[in-house]
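Coordinate analysis (summary)
Read off the chains here:
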Amino acid sequence: DRHLRSSAPDLILLKPLYCEADSKKAAALIRKTIAETPDLKGLLLLGEWALAGKEAREALPDPKKVTTVAADISTDARELLRTGKLARLVAPRCVEMGREAIKALEALRQETKFEFGAPIDTGYDVIYKDFAVRPVGQERGNIRAFSVGEYDDRWQRWMEKGSDDL
């Protein structure tokens, strides 16, 4: 928060809004936020449910007025990025967390001891509309950058082969 405040001192963060996995409620919250905040500059949508239904996708603001970023890797979100309704996607990589959860559940099922390892920093991917705007060479640590086409290819390989390389 300190870094954000120092780099954008005029930034005003609105309180989080919860759609409770309801696309119609997400749409209503998006529309209400836009109406009540005429100088809104950006929206951050977290979780696939915010974009899961047609209503919420149609409620997205004009991208010329409001920059919208979503933490989502769904096909719908990638299409919104392609069409320019979203500026970026942030895709959490959760394969390793899932693997550890399965190990823990199996130990519980077998009534054996499970040793939790160190916290897992899964990292994330930032997905851009096209290759031209992707910041090549700016990947660092556990953060990678892809064009939406590159990410589609990775997604397809992952769906077909179960590759860990998503």
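Quick caveat, the model's predicted, so the values are computed rather than measured.

About the cut-offs
Residues numbered from 1 in each chain as written. Predicted model: local features only at pLDDT ≥ 70, side-chain atom pairs only at ≥ 80, totals over all residues. Heavy atoms only, no water. pLDDT = per-residue confidence, 0-100. Helix = DSSP H or I, 4+ residues; strand = E, 2+ residues; numbered from the N terminus. Core = buried A, V, L, I, M, F, W, Y, C linked by side-chain atoms within 4.5 Å. Buried < 20%, exposed > 50% of the residue type's maximum accessible area, 1.4 Å probe, protein only. Lys, Arg positive; Asp, Glu negative; His and termini not counted. Salt bridge = Lys/Arg side-chain N within 4 Å of Asp/Glu carboxyl O. Polar contact = N/O pair within 3.5 Å; in protein donor to acceptor, adjacent residues only side chain to side chain. Pairing = 2+ DSSP bridges. Axes fitted to C-alpha atoms, helices over the stretch in contact; angles between N-to-C directions. Contact = heavy atoms within 4.5 Å. Phe/Tyr/Trp six-rings, centres within 6.5 Å; stacked < 30°, edge-to-face > 60°. Expected span 1.5 Å × (residues − 1). Arc of directions from axis to C-beta. 1 Å grid on protein atoms, 1.4 Å probe; cavity = no way out; pocket = protein on both sides within 12 Å on 5 of 7 lines; lining within 4 Å. Points joined across faces, edges and corners; volume = space filled by probe spheres on them. Nonpolar A, V, L, I, M, F, W, Y, C, P; charged D, E, K, R; others polar.

1. With respect to the confidence of the model for the protein chain
Chain-level statistics for the protein chain give a pLDDT mean of 82 and a share of 86% at 70 or above. Across the protein chain, element-level confidence peaks in helix α2 (residues 23–36) with a mean pLDDT of 93 and bottoms out in helix α1 (residues 2–7) with 68.

2. Focus: the nonpolar core
In terms of nonpolar packing, the biggest core is built from 23 residues, with Leu45, Leu51, Leu60, Leu86, Leu89, Ile127 and Tyr151 touching the most fellow members. Elements that contribute at least two residues to this core include exactly α2, β1 (42–46), α4 (75–83), β3 (88–92) and α6 (148–161).

3. Considering the side chain of Asp72
Mapped onto the elements of the fold, Asp72 is located in the loop between β2 (67–71) and α4. Arg78 provides the closest opposite charge to the buried, unpaired Asp72, separated from it by 7.2 Å. Within polar-contact distance, the side chain of Asp72 engages the backbone nitrogen of Ser74 at 2.7 Å.

4. Structural notes on the sheet that holds β2
Across the sheet, which stays open at both edges, the five strands sit in the order β1-β2-β3-β4-β5 with mixed pairing between neighbours. On the outer flanks of this sheet lie β1 and β5 (143–147), each paired with one strand and no other. Each adjacent strand pair in this sheet contributes to an overall mean axis angle of 20 degrees, direction not counted. Sheet topology note: the β1/β2 ladder contains five bridges and is parallel. Looking at β2, one finds that Leu44 is bridged to Val69. Here α4 sits on the sheet in contact with β3 and β4 (124–128), set at roughly 150 degrees to β3.

5. Remarks on the packing of aromatic side chains
Counting across every chain of the model gives two aromatic pairs. Centroid distance Trp155 to Trp158: 5.3 Å. Interplanar angle 40 degrees. Geometry classified as tilted. Residue Trp155 and its partner Trp158 are both found in helix α6; the two are separated by three residues, about one turn of the helix. Given a relative accessible area of 18%, Trp155 falls into the buried group. For Trp158, a relative accessible area of 26% gives the class partly exposed.

6. Comments concerning α2
Each α-helix winds once per 3.6 residues, and so residues spaced three or four apart point in a common direction. When the terminal C-alpha atoms of α2 are compared, their 20 Å separation across 14 residues agrees well with the 20 Å that a helix rising 1.5 Å per residue should span. Listed as buried for α2 are Ser23, Ala26, Ala27, Ile30 and Thr33. In an axial view of α2, the angular spread of the buried residues amounts to 135 degrees, which keeps them on one side of the axis. Exposed side of α2, more than 90 degrees from the buried face: Lys24, Ala35 and Glu36 are the residues found there. Those residues of α2 hidden inside the fold are in contact with β1 and α3 (54–58). For α2, the capping residue at the N-terminal end is Asp22, with a side-chain oxygen 2.9 Å from the backbone nitrogen of Lys24.

7. Focus: the layout of surface pockets
Volume-wise, the largest pocket comes out at about 1,100 Å³. What lines the largest pocket is a set of 28 residues, among which Leu14, Lys15, Gly42, Leu43 and Leu44 lie closest to the centre. For the lining of the largest pocket, the elements supplying multiple residues, two or more each, are α2 and β1. With six residues, α2 is the largest single contributor of residues to the lining of the largest pocket. Within the lining of the largest pocket, the residues separate by chemical class into 18 nonpolar, three polar and seven charged.

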